[in-house]
Amino acid sequence: MRDFEGFCKDVERNIGEYLPQDLNVDDIRIQTVEKPNLGKRTALSVRLEDQVAAPLIYMDRFYDMYQAGMPEGEVMSRIADETAGALKDIPIIPDYMNRIDSWDAVKDHLIIDAMGVSQNRDRLPDIPHRISGDIACVCRIDAGGTGTILVSSSLSARWNVPENEMFETAISNSMKVRPAELSSMEDLLAELREDEPSGETWNPEDPDQFLGVITTQDRVKGACTIFYPDVQEKLVELSERVGDLYIIPSSVHELLAVPARNGAREEELNHMIHEVNETCVDPADRLSEFVHKFDSRTKKLTCSTPIPALAEKDPSEGSHPAMLQGEMPRPRRTRLSI
């Protein structure tokens, strides 16, 4: 039985024989991609002629099938079926994605995202970021609904614009295309039950609205809204009424807020966050293990647990190139993976 590396090499060498013959395949390769929270993963990339995007098929579970005794030919057939299905759904990549080296081409498509500091310590030195507690604000290029490219230090250097301008642009864009919403947990649960939510802003002075939810209107990747000026202004306003606020990093999709005066202890909240992360949150969606506090006096967000400073990047090591789900853009003809 081959090891994982040997298995992947066989897939790269032989998968073309299992793919439908009517596919005009231009490139097949096994590549390593780096995912937030998950580290490096190995994936098969198959690109068709005249296509910019290529799906990524992760090899881990197929290798598990092989190790469990499934015949190699059947494993190959399953990989081929999944790849062919993904190739049929290849989206149209916007033209500006072929010009990501140009600031003028991408500046209107920059958005921000939230990434856990502790879980991505090795990766963040290669990425422009702003840190608040254990939460990092990073920039991405929105590929028109087909995925995003995480902005690396090497990519931002090509734009030759000040980092502050890049973040200000990304935050401004995000506030327009992904507005923030601060609602009560009761309203969120009502929405999940398909009941009619009240639509009222969270009121922490109401005993029936013990918990608030900070997210985007579409409930996707909403933790980054903590870096929106309007959300920060709202937290200042609320803290002036009810005192310090605990901010619970529920996931990359939302944050929970609760008045600190309600009596919960930071140690208990940290334990709760850890348990929920381990049992309920997909590893790719985890943000932090630690409760944060919005201080009513300083108007700043801090982490309950001191976070060691990130290591400085050795300039001689260079930086990782920009990636759309891990794929490396090339000059003239950019290959993007979704």
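Provided above is the structure to which this section pertains.
Residues numbered from 1 in each chain as written. Predicted model: local features only at pLDDT ≥ 70, side-chain atom pairs only at ≥ 80, totals over all residues. Heavy atoms only, no water.

Participant: Account for unusual backbone geometry, with residues named and values stated.
Facilitator: At N160, a residue that is not glycine, the phi angle is positive and equals roughly 60°. Of note, the phi angle at K299 is positive, near 60°, even though the residue is not glycine. For K299, the position within the fold is in the loop between β13 (292-294) and β14 (301-303). For K299, a relative accessible area of 31% puts it in the partly exposed group. (Helix = DSSP H or I, 4+ residues; strand = E, 2+ residues; numbered from the N terminus. Buried < 20%, exposed > 50% of the residue type's maximum accessible area, 1.4 Å probe, protein only.)

Participant: Give a detailed account of helix α1 (residues 4-14), specifying residues and quantitative values.
Facilitator: Every buried residue of α1 is listed here: G6, F7, C8, D10 and V11. Buried residues belonging to α1 abut β1 (25-35), β2 (39-48), α2 (60-67) and α3 (72-88). (Contact = heavy atoms within 4.5 Å.)

Participant: Requested: an account of the sheet that holds β1, with residues and values cited.
Facilitator: Spatial strand order, β1-β2-β4: 3 strands in an open sheet with antiparallel pairing. Of all strands in the sheet, those bounded by a partner on one side alone are β1 and β4 (56-58). Going from strand to strand, the sheet's axes swing by 30° on average, the running direction of each strand aside. Sheet strands touched by α1: β1 and β2. Its angle to β1, the strand with the most contacts, is close to 150°. Packing of α3 onto the sheet brings it into contact with β2 and β4, and relative to β2 it is tilted by some 65°. (Pairing = 2+ DSSP bridges. Axes fitted to C-alpha atoms, helices over the stretch in contact; angles between N-to-C directions.)

Participant: Tell me what's going on with α2, and back it up with residues and numbers.
Facilitator: Considered for burial, the residues of α2 that qualify are F62, Y63 and Y66. One face of α2 carries all of its buried residues, which in axial projection span an arc of 100°. Those residues of α2 hidden inside the fold are in contact with α1, β4 and α3. (Arc of directions from axis to C-beta.)

Participant: Quick one: what's the story with the pairing of β2, residue by residue and with numbers?
Facilitator: The buried fraction of β2 is high, at 7 of 10 residues. Taken together, β1 and the strand that follows it, β2, pair antiparallel across an intervening segment of 3 residues, in which N37 is found at a positive phi of about 75°. Across 3 bridges, the pairing between β2 and β4 is antiparallel. Across the sheet, A43 pairs through a bridge with Y58, a residue of β4.

Participant: With reference to specific residues and values, describe the side chain of D134.
Facilitator: Inspection of the secondary structure puts D134 in the loop between β6 (130-132) and β7 (135-142). Buried and without a salt bridge, D134 has R121 as its closest oppositely charged side chain, separated by 6.4 Å. There is a polar contact of 2.6 Å between the side chain of D134 and the side chain of S288. Sequence-distant contacts of D134, defined by excluding residues within four places in its chain, comprise M115, G116, V117, S118, L287, S288, E289, F290, H292, C303 and I307. (Lys, Arg positive; Asp, Glu negative; His and termini not counted. Salt bridge = Lys/Arg side-chain N within 4 Å of Asp/Glu carboxyl O. Polar contact = N/O pair within 3.5 Å; in protein donor to acceptor, adjacent residues only side chain to side chain.)

Participant: So what's going on with the sheet that holds strand β9 (residues 180-184)? Residues and values would help.
Facilitator: Within the open sheet, the 6 strands sit side by side as β9-β10-β12-β11-β13-β14. Their pairing is antiparallel. Of all the strands in the sheet, the pair left with one neighbour each is β9 and β14. Recorded for the sheet is a direction-independent mean angle of 30° between the axes of neighbouring strands. Across 3 bridges, strand β10 (residues 212-216) lies against strand β12 (residues 254-259) in antiparallel orientation. If you follow V213 over to β12, its bridge partner there is L256. Its contacts with the sheet put helix α8 (residues 229-242) on β9, β10, β11 (245-251), β12 and β13, and the angle it makes with β11 is roughly 135°. Packing against the sheet, helix α9 (residues 266-280) makes contact with β11 and β13, and its axis sits at approximately 10° to β11.

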